[in-house]
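# Summary of structural features
Listed here are the chains, written in short residue letters.
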Amino acid sequence: GEEVAQTPKHLVRGEGQKAKLYCAPIKGHSYVFWYQQVLKNEFKFLISFQNENVFDETGMPKERFSAKCLPNSPCSLEIQATKLEDSAVYFCASSRNPPGAAEKLFFGSGTQLSVL
Amino acid sequence: KNEVEQSPQNLTAQEGEFITINCSYSVGISALHWLQQHPGGGIVSLFMLSSGKKKHGRLIATINIQEKHSSLHITASHPRDSAVYICAAANKAAGNKLTFGGGTRVLVKP
């Protein structure tokens, strides 16, 4: 597609429940990035993929968070046993070239996760 | 001290005024991004620059690599420019991961 498509827009989970977020990158973009935005302006890098391979996972919490990008499927970010502190907006972005190359990132509209 | 600092945090301007937002960073970068986050939450990439100056419509972005400083200027501001503007540095030492500034909330009054 011509835009990064994230679903769902909003997700409400009770503490301890699983949450799964999806991201379809722009067609032809090989790199996918997940960011977590807490408190409106604090962005944290979580993980990036080059096609279906993990490119950089240094921002991923070791427990409870996992992510995949499988061929012919949207990428996904899954949180097992959600906690209150996981409440945030999760943004996905994609690019054609690797990080540091001279090009913009294209962002999805985000998924607002509320853990109650 | 944060690796990427923005100023001001908030800015209110009258329609037509010239607006400047500043971004200073302490890390080595491969590029600096300026992003616009709309009130509804969506993020648009405005500029990606590694040197000099770029212009798009009423927006101008400059960067001084030696001084580790970038500015975003909005000329002839309009209420539709009201948004949060975020600079993000592609941190060379961290595999070019983006390190984000805290954002500048801009309100342009008619």
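Predicted model, so just to flag it, every value in this text is computed and none were measured.

## Concerning the overall build of chain A
Counting secondary structure elements, chain A contains zero helices and 11 strands. Moving toward the C terminus, one meets the helices and strands of chain A in the order β-β-β-β-β-β-β-β-β-β-β. Taking 116 residues into account, the globule formula puts the C-alpha radius of gyration at 13 Å, and chain A, at 13 Å, falls close to it. Taken along its principal axes, the extent of the C-alpha atoms in chain A is 40 × 25 × 25 Å. Going through the 116 residues of chain A one by one, you find that 45% of them count as buried. Pairs at least 24 residues apart make up 53% of the contacts formed inside chain A by residues separated by at least 6 positions. Mean positive and mean negative side-chain charge positions of chain A (13 and 12 charges, respectively) differ by 4 Å.

## Regarding the sheet that holds strand β1 (residues 5-7) of chain A
Residue and element names in this part refer to chain A. One open sheet accounts for four strands, arranged β1-β3-β8-β7; its pairing is antiparallel. The open sheet has two edge strands with one neighbour each: β1 and β7 (65-68). Geometrically, the sheet is characterised by an average inter-axis angle of 15° between neighbouring strands, direction not taken into account. Pairing analysis gives three bridges linking β1 to strand β3 (residues 19-24), with the strands arranged antiparallel. Among the inter-strand pairings, Gln6 is bridged to a residue of β3, identified as Cys23.

## Topic: the confidence of the model for chain A
Residues with a pLDDT of 70 or more make up 97% of chain A, whose mean pLDDT is 92. Across chain A, element-level confidence peaks in β3(A) with a mean pLDDT of 98 and bottoms out in strand β5 (residues 42-50) of chain A with 92.

## So, the sheet that holds strand β3 (residues 19-25) of chain B
All names here are of chain B. Spatial ordering of the open sheet is given by β1-β3-β8-β7-β6, a layout of five strands whose pairing is antiparallel. Every other strand in the sheet has two partners, leaving β1 (4-7) and β6 (52-56) as the edge strands with one partner each. Between one strand axis and the next, the sheet turns by 15° as a mean value, whatever way the strands run. Where β1 meets β3, four bridges bridge the pair, whose relative direction is antiparallel. Directly across from Glu5, in β3, lies its bridge partner Ser24.

## Regarding the packing of aromatic side chains
Per the counting criterion, the structure on display carries seven aromatic pairs over all chains. Between Phe33(A) and Tyr35(A) the ring centres are 6.5 Å apart and the planes differ by 15°, which places this aromatic pair in the stacked class. Neither residue differs from the other here; Phe33(A) and Tyr35(A) are each classed as buried. Relative to Phe100(B), the ring of Tyr35(A) lies with its centre 5.3 Å away and its plane at 80°, an arrangement referred to as edge-to-face. Taken together, the residues span two chains, with Tyr35(A) in strand β4 (residues 31-38) and Phe100(B) in strand β10 (residues 97-100). Of the two residues, Tyr35(A) and Phe100(B), both sit in the buried class. One aromatic cluster is present, formed by Phe33(A), Tyr35(A), Phe43(A), Phe45(A), Phe91(A), Phe107(A) and Phe100(B) through successive ring pairs.

## Concerning the state of the cysteines
A covalent bond between the sulfur atoms of two cysteines is what we call a disulfide. A full pass over the atoms with the stated rule returns three disulfides over all chains. Two residues share a disulfide in this structure: Cys23(A) and Cys92(A), whose sulfurs sit 1.8 Å from each other. Taking the sign of the torsion about the S-S bond as the criterion, the disulfide between Cys23(A) and Cys92(A), at about -55°, is left-handed. Of this pair, Cys23(A) sits in strand β3 while Cys92(A) sits in strand β9 (residues 88-95), and the two are 69 residues apart along the sequence. When sorted by exposure, Cys23(A) lands in the same class as Cys92(A), which is buried. Disulfide partner of Cys23(B): Cys87(B), at an S-S distance of 2.0 Å. Looking down the S-S bond of the Cys23(B) and Cys87(B) bridge, the torsion is 75°, so its handedness is right-handed.

Criteria and cut-off values
Residues numbered from 1 in each chain as written. Chains lettered and ligands numbered in written order. Predicted model: local features only at pLDDT ≥ 70, side-chain atom pairs only at ≥ 80, totals over all residues. Heavy atoms only, no water. Helix = DSSP H or I, 4+ residues; strand = E, 2+ residues; numbered from the N terminus. Rg over C-alpha atoms; globule rule 2.2 N^0.38 Å. Buried < 20%, exposed > 50% of the residue type's maximum accessible area, 1.4 Å probe, protein only. Contact = heavy atoms within 4.5 Å. Lys, Arg positive; Asp, Glu negative; His and termini not counted. Charge placed at Lys NZ, Arg CZ, Asp CG, Glu CD. Pairing = 2+ DSSP bridges. Axes fitted to C-alpha atoms, helices over the stretch in contact; angles between N-to-C directions. pLDDT = per-residue confidence, 0-100. Phe/Tyr/Trp six-rings, centres within 6.5 Å; stacked < 30°, edge-to-face > 60°. Disulfide = S-S within 2.5 Å.

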